[in-house]
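Okay, here's what each chain looks like letter by letter:
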4 protein chains.
Amino acid sequence: MGQRIDLNCDVGESHGAYRIGADEALMPWITSANVACGYHAGDPLVMDRTVRLAVQCGVGIGAHPGYPDLLGFGRRQMQLSPEEIENYVLYQVGALGAFVRSAGAKLAHVKPHGALYNAAAKDIEMARAIARGVARVRSDLILVGLAGSVLIEAAQEAGLRVAREGFADRAYNPDGTLRSRKLPGAVIEEPAMAAERAVRIARNGSVVAYAGEEVSLRVDTICVHGDTPTAVEIVRAIRQKLEEAEIEVSPIERFI
Amino acid sequence: MGQRIDLNCDVGESHGAYRIGADEALMPWITSANVACGYHAGDPLVMDRTVRLAVQCGVGIGAHPGYPDLLGFGRRQMQLSPEEIENYVLYQVGALGAFVRSAGAKLAHVKPHGALYNAAAKDIEMARAIARGVARVRSDLILVGLAGSVLIEAAQEAGLRVAREGFADRAYNPDGTLRSRKLPGAVIEEPAMAAERAVRIARNGSVVAYAGEEVSLRVDTICVHGDTPTAVEIVRAIRQKLEEAEIEVSPIERFI
Amino acid sequence: MGQRIDLNCDVGESHGAYRIGADEALMPWITSANVACGYHAGDPLVMDRTVRLAVQCGVGIGAHPGYPDLLGFGRRQMQLSPEEIENYVLYQVGALGAFVRSAGAKLAHVKPHGALYNAAAKDIEMARAIARGVARVRSDLILVGLAGSVLIEAAQEAGLRVAREGFADRAYNPDGTLRSRKLPGAVIEEPAMAAERAVRIARNGSVVAYAGEEVSLRVDTICVHGDTPTAVEIVRAIRQKLEEAEIEVSPIERFI
Amino acid sequence: MGQRIDLNCDVGESHGAYRIGADEALMPWITSANVACGYHAGDPLVMDRTVRLAVQCGVGIGAHPGYPDLLGFGRRQMQLSPEEIENYVLYQVGALGAFVRSAGAKLAHVKPHGALYNAAAKDIEMARAIARGVARVRSDLILVGLAGSVLIEAAQEAGLRVAREGFADRAYNPDGTLRSRKLPGAVIEEPAMAAERAVRIARNGSVVAYAGEEVSLRVDTICVHGDTPTAVEIVRAIRQKLEEAEIEVSPIERFI
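Predicted, not measured: the structure shown is a model, and the values here were computed from it. (Residues numbered from 1 in each chain as written. Chains lettered and ligands numbered in written order. Predicted model: local features only at pLDDT ≥ 70, side-chain atom pairs only at ≥ 80, totals over all residues. Heavy atoms only, no water.)

Undergrad: Even after reading the chapter, I still don't get the overall build of chain A, so can you show me in this structure?
TA: Across its full length, chain A carries 8 helices and 10 strands. In terms of overall size, chain A behaves like a compact globule, its C-alpha atoms giving a radius of gyration of 17 Å where 256 residues would be expected to give roughly 18 Å. In chain A, buried positions account for 63% of the 256 residues. Taking the intrachain contacts of chain A between residues at least 6 apart in sequence as the baseline, contacts between residues at least 24 apart amount to 72%. Element-wise, carbon and sulfur atoms account for 48% of the exposed surface of chain A, whose accessible area totals about 9200 Å². Separation of charge centres in chain A, based on 28 positive and 32 negative side chains, amounts to 1 Å. (Helix = DSSP H or I, 4+ residues; strand = E, 2+ residues; numbered from the N terminus. Rg over C-alpha atoms; globule rule 2.2 N^0.38 Å. Buried < 20%, exposed > 50% of the residue type's maximum accessible area, 1.4 Å probe, protein only. Contact = heavy atoms within 4.5 Å. Areas by Shrake-Rupley, 256 points an atom, 1.4 Å probe, with all protein chains shown as cover. Lys, Arg positive; Asp, Glu negative; His and termini not counted. Charge placed at Lys NZ, Arg CZ, Asp CG, Glu CD.)

As structure tokens, this is what we get:
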């Protein structure tokens, strides 16, 4: 780690007549794609199209399971039992896996979405339930979780490979947690600034926190949010700056 | 064929707090289970429980994909495009397949549900779309369709193995089609009568149609509807009569 | 209050091919019906049928809105914003109100369902959001909430009429809260015992708590759960005992 | 009729995080809004926001009920029973009506959406089911249907007021039916051309059909599709040309 990094983005979030995201424009610049599985976003046609696009672009493909809440886009916390979470994850990853195999590729990773990702970062029971669901699909899958969170722990306990995730377009607190979206300055929309942060994360294993301190941040993959208005510019800037800095940008499955 | 037959039933149709079917009571008597996949019925917990029960009972496991219409239980015709059907089938079969593999078993077959089954029996484009969806999951899957229908044709074109289905608890017209459920006498609820018909189907390859004529009916598997009030008695009677008649009752995957 | 009481039950919880509850058997014994509105349970046909049945039985009709979570039957907590709750309540109560008017009756009350009811009992912001949604439909509606909970407070603030609810088939803690369903003895399934408790609640304004202490419990309406196996026996026993004790059993709208 | 016309548009079609349509930009130019009701599109927050916007703009408000098929945006034919259609319409119109009353306005009309509109134009049983559902909400509602279709007939039979609809941005066949969207030239995207057609419809009661013949077309309201890329320009051009031609453009409820 350190001189190698993956760039991931959530894609395939359209649903029927509804379009979200600029998948075609983003895909050439990223190295891993997290594809929605029809619960909080996505649908079978969108999954098929998105997986084919990822294959064409040589991008690593992951499942992006979420809560069964299309109306809330999977961003609202739901109190599910561990058994529900485990089986909802298995269902969604299983469904996406069929599209990936049918496109001649292999599913590389799983990253929980939205409120499920947040619950998994803090609640070890939820994290373990996700890890069990993933391990039931294939024990060699990579589970992507917030660096330093309990999801990483649970994935390792379950014998899964893990990828620690950080954010170039989000501000950090001095303790290494993410600055709340409710506070000003939580999201970085300026491409050059996000790119500079990405290089520092990849090279130094650190970020400058909101108040100015340098905070250690060891990550394998950097997430760029596809729904920021400047998403395409940010991804392109990050990719270019990483390559100028001679940091290898490649899918997590190549180095985890 | 002729002295070997499979007995199949639609199972796993509960959803959340809602219960349908007597899966525990039926499973010991059948040889193949068609498990709902969450679109018209079923949910991930129900799928998990149902697949485990089928494995315990040594029953062959199939996916039972349907229209995305829980409110209509997949029984209302929907005009979907071939591309939608193909990908909805791939999604559902892919999801169920993950539960089956995770239970240490192998998915054996796919049988479309309700209005999708009926559309596939008559409309060659819909039948081909289903066959493509199934073949994209695994080319050695068995596709179960109404004996004599275009779904059998489409499955063979697609290079899939096929199982022709008949009904011991439904009356037939002289031309070998099913008597409409809207007409009296369409459903046979008397266990002994259903059992006698099953034996004739398996041994002679024929049924006595509603008006009395003997009609040729070559089938590999007999379906018993789990939602008739006397379903368990019917299945048990059929199983016993078949065994008394020294007809081998075994999962389709063993002889197709 | 004291010598007058309402008996309410949640009804109309079937959905499409799925049946829950014994509405026909329960309706003649209750005085108020809380009808599911299609979000956590129910559907337009079920709503229509249930409202007509309530009108035939002379039962007061209320809306029973819940979370948009059919898979969880509205029993799983969801973190919705107050604006979402307000508008989800308005939507559901509005829809049910149209069925009630079309049946020649008048919507009398609203009682939140499951996890929404529980959230509303503890969280004043959620309670206020519900009260706003109800008041936007009609300012003379009665809002039914757990006796002593913040929902009663929020409803009064909003200028709505309120009905305080208690349970004859649930054990109480010494502080007047409900004994958790996870603990043994939380649910009372014995009809005679439930009936005796109902009489005490209506006459004395008190219950005997789990550990034996008498606890004050002033309520306007007693809820009987329609999903206990003995539900019909319990409702009948309660109704008979109340009448033997010369307590008037009538719809809340008659005395609130 | 003839010198008075209404301009209507389908609005409120966003759902959760998904956005469709340019409601804010369109609303000032139209006189009637058809608001989606949560089945094929829309949700309670979107309904609330859209109704308030319509009230601010002085636009007549109608319900726009559709099939329960969000994934297909209500554009896929579903074989529902008349009883299902009647109650699905009642549910959706009832829900929207609550938002309209709560905004201090009065629901003026109902226009079925997509595949339901098309079914209602050809199938008298479906048309009657819709009319019954609408009449059960309020017998003085206006039902909007394709000019010359059986929905107009069914609405009149049911004692409802009717508004006949025509299209300025769609090509017509010589027999007065709409040219299929599958054929070239079916949709008119050029604002000036659509505006000219609108004036001719309003003034002369006719359109020039695809092959050049003048066809009689007596309508009360002209629909502009909000999802054409040039929708705002088209609506503005139509409105301006109609006013230049001294044709009164006002909500249908004012003159039906």
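Undergrad: So what exactly am I meant to see when it comes to the relation of the copies chain A and chain B here?
TA: The relation between the two copies of this chain is a rotation about an axis and a shift parallel to it. For these two chains of identical sequence, chain A goes onto chain B by a turn of 180° and a shift of 0.0 Å along the axis, with RMSD 0.0 Å. Both copies are brought into coincidence by an operation consistent with a two-fold rotation axis. When C-alpha positions in chain A are compared against the rotation axis, the closest is assigned to Ala 95 of chain A, at 2.0 Å. Both copies present the same face, since 100% of the interface residues in chain A are matched by interface residues at the equivalent positions in chain B. (Least-squares fit on C-alpha atoms with pLDDT ≥ 70 in both.)

Undergrad: Hey, could you run me through the relation of the copies chain B and chain D in this one?
TA: Screw-axis analysis of chain B against chain D gives a translation of 0.0 Å along the axis, an RMSD of 0.0 Å, and a rotation angle of 180°. Interface residue correspondence from chain B to chain D reaches 100%, placing this contact among same-surface, isologous pairings.

Undergrad: Could you clarify how one ought to interpret the state of the cysteines in this entry?
TA: The term disulfide refers to a covalent linkage connecting the sulfur atoms of a pair of cysteines. Residues and elements named next belong to chain D. With the rule as written, the count across this model stands at 0 disulfides over all chains. The structure places no disulfide on Cys 37, whose sulfur is separated from the nearest cysteine sulfur, that of Cys 9, by 15 Å. As a non-bridged cysteine, Cys 57 has Cys 9 as the owner of its nearest cysteine sulfur, 12 Å distant. Overall, the relative accessible area of 33% leaves Cys 57 in the partly exposed class. (Disulfide = S-S within 2.5 Å.)

Undergrad: Just to check I follow, could you spell out helix α2 (residues 44-56) of chain A for this structure?
TA: One turn of the α-helix equals 3.6 residues, which is why residues spaced by three or four share an orientation. Residue and element names in this part refer to chain A. Spanning 13 residues, α2 covers 18 Å between terminal C-alpha atoms, matching the ideal 18 Å at 1.5 Å per step. Restricting attention to buried positions, one finds in α2 the residues Pro 44, Leu 45, Val 46, Met 47, Asp 48, Thr 50, Val 51, Leu 53 and Ala 54. Trailing α2 by a residue or two, Gly 58 shows a phi angle of about 70°, which is positive. (Expected span 1.5 Å × (residues − 1).)

Undergrad: What is the right way to look at the interface of chain A and chain B in this model?
TA: When the parts of a complex come together, some accessible area is lost, and that lost area is often taken as the interface size. Opposite the 21 residues of chain A that make contact, chain B presents 21 residues. Interface of chain A and chain B: buried area, both sides summed, is about 1900 Å²; carbon and sulfur atoms make up 62% of it. Of all residues in chain A, the largest losses of buried area upon contact with chain B belong to Leu 45, Tyr 91 and Arg 136 of chain A, amounting jointly to 33% of the total for that side. The tally of links from chain A across to chain B stands at 2 salt bridges. Asp 48 of chain B is the partner of Arg 136 of chain A in a salt bridge, and the nearest nitrogen-oxygen pair spans 2.7 Å. Viewed at the interface, chain B and chain A are joined by 6 residue pairs in polar contact (both at pLDDT 80 or more). Looking at the side of chain A that touches chain B, the elements that each hand over two or more residues are α2 and α3 (82-102) of chain A. Top contributing element to the side of chain A that touches chain B by residue count: α3 of chain A, with 12 residues. (Buried area = accessible area lost by both parts, 1.4 Å probe. Salt bridge = Lys/Arg side-chain N within 4 Å of Asp/Glu carboxyl O. Polar contact = N/O pair within 3.5 Å; in protein donor to acceptor, adjacent residues only side chain to side chain.)

Undergrad: Sorry, what's going on with the pattern of salt bridges here?
TA: Close approach of charged atoms lets side chains of opposite charge pair. Residue and element names in this part refer to chain C. Summed over all chains, the structure comprises 72 salt bridges over all chains. Glu 157 is the salt-bridge partner of Arg 128, the closest N and O atoms lying 2.9 Å from each other. On the criterion of sequence distance, the pair formed by Arg 128 in helix α5 (residues 124-137) and Glu 157 in helix α6 (residues 150-157) is long-range, its members being 29 residues apart. Residue Arg 128 is classed as partly exposed on the basis of its relative accessible area, which comes to 29%.

Undergrad: Just to check I follow, could you spell out the interface of chain B and chain D for this structure?
TA: Across the contact, 10 residues belong to chain B and 10 residues belong to chain D. Taken together, both faces of the contact between chain B and chain D bury some 860 Å²; the carbon and sulfur share is 54%. Viewed at the interface, chain D and chain B are joined by 2 salt bridges. In this structure, the salt-bridge partner of Glu 84 of chain D is Arg 76 of chain B, at a minimum N-O distance of 3.0 Å. Connecting chain B to chain D are 6 residue pairs in polar contact (both at pLDDT 80 or more).

Undergrad: Could you clarify how one ought to interpret the environment of Leu 242 of chain C in this entry?
TA: All names here are of chain C. Tracing the chain through its elements places Leu 242 in helix α8 (residues 231-244). A relative accessible area of 0% places Leu 242 in the buried class. Remark: the alpha-carbon pair of Leu 242 and Ala 198, spanning 44 residues in sequence, is separated by 7.4 Å. Those residues within four positions of Leu 242 in sequence are excluded, and the remaining contacts are Ile 5, Leu 7, Ala 198, Val 199, Ala 202, Ile 247 and Val 249.

Undergrad: Looking at this structure, I do not really get the nonpolar core. What am I missing?
TA: Soluble globular proteins tend to bury their nonpolar side chains together. Of all hydrophobic cores here, the largest spans 350 residues; its most connected members are Ile 238 of chain A, Ile 238 of chain B, Ile 238 of chain C together with Ile 238 of chain D. Discounting chain neighbours no more than four positions away, the residues touching Ile 238 of chain A are Leu 7, Ala 168, Ala 194, Ala 195, Ala 198 and Val 224 of chain A. (Core = buried A, V, L, I, M, F, W, Y, C linked by side-chain atoms within 4.5 Å.)

Undergrad: Help me understand helix α8 (residues 231-244) of chain D, please; the structure alone is not making it clear to me.
TA: Residue and element names in this part refer to chain D. The terminal C-alpha atoms of α8, which comprises 14 residues, lie 20 Å apart, in line with the 20 Å expected from a rise of 1.5 Å per residue. Buried-residue contacts for α8 involve β1 (4-11), α1 (23-26), α7 (191-204) and β10 (248-249). Once α8 finishes, Glu 246 follows within two positions and takes phi at roughly 60°, a positive value.

Undergrad: Looking at this model, I keep getting lost on unusual backbone geometry. Mind explaining?
TA: What you tend to see is this: most non-glycine residues have negative phi, and most peptide bonds are trans. All names here are of chain B. Phi at Phe 73 is positive, roughly 55°, even though this residue is not glycine. By the element assignment, Phe 73 lies in the loop between β3 (60-64) and α3 (82-102). Of note in the backbone geometry, Glu 246 takes a positive phi value of approximately 60° without being a glycine. Turning to its location among the elements, Glu 246 is positioned in the loop between α8 (231-244) and β10 (248-249).

Undergrad: Sorry if this is basic, but what is going on with the environment of Val 207 of chain D here?
TA: You can see Val 207 of chain D is positioned in strand β7 (residues 206-208). Along the chain, Val 207 of chain D and Pro 112 of chain D lie 95 residues apart, while their C-alpha atoms are 24 Å from each other.

Undergrad: Even after reading the chapter, I still don't get the packing of aromatic side chains, so can you show me in this structure?
TA: When we look at a pair of aromatic rings, we describe it by the centre distance and by the angle of the planes. In total, this model carries 16 aromatic pairs over all chains according to the counting rule given. Between Phe 73 of chain B and Tyr 18 of chain C the ring centres are 5.7 Å apart and the planes differ by 80°, which places this aromatic pair in the edge-to-face class. Here the residue Phe 73 of chain B occupies a position in the loop between β3 and α3, and Tyr 18 of chain C occupies one in the loop between β1 (4-11) and α1 (23-26), the pair thus bridging two chains. Per residue, the accessibility class of Phe 73 of chain B equals that of Tyr 18 of chain C, and both read buried. Measuring from ring centre to ring centre gives 6.0 Å for Tyr 91 of chain C and Tyr 91 of chain D, while their planes differ by 70°; the resulting arrangement is edge-to-face. Placement of Tyr 91 of chain C in helix α3 (residues 82-102) and of Tyr 91 of chain D in helix α3 (residues 82-102) is noted, with the two residues assigned to different chains. A relative accessible area of 2% means that Tyr 91 of chain D is categorised as buried. One aromatic cluster is present, formed by Tyr 39, Tyr 88 and Tyr 91 of chain A together with Tyr 39, Tyr 88 and Tyr 91 of chain B through successive ring pairs. The cationic tip of Arg 179 of chain A hangs over the ring face of Tyr 210 of chain A; the distance from NZ or CZ to the ring centre is 3.4 Å. (Phe/Tyr/Trp six-rings, centres within 6.5 Å; stacked < 30°, edge-to-face > 60°. Lys NZ or Arg CZ within 6 Å of the ring centre and 35° of its normal.)

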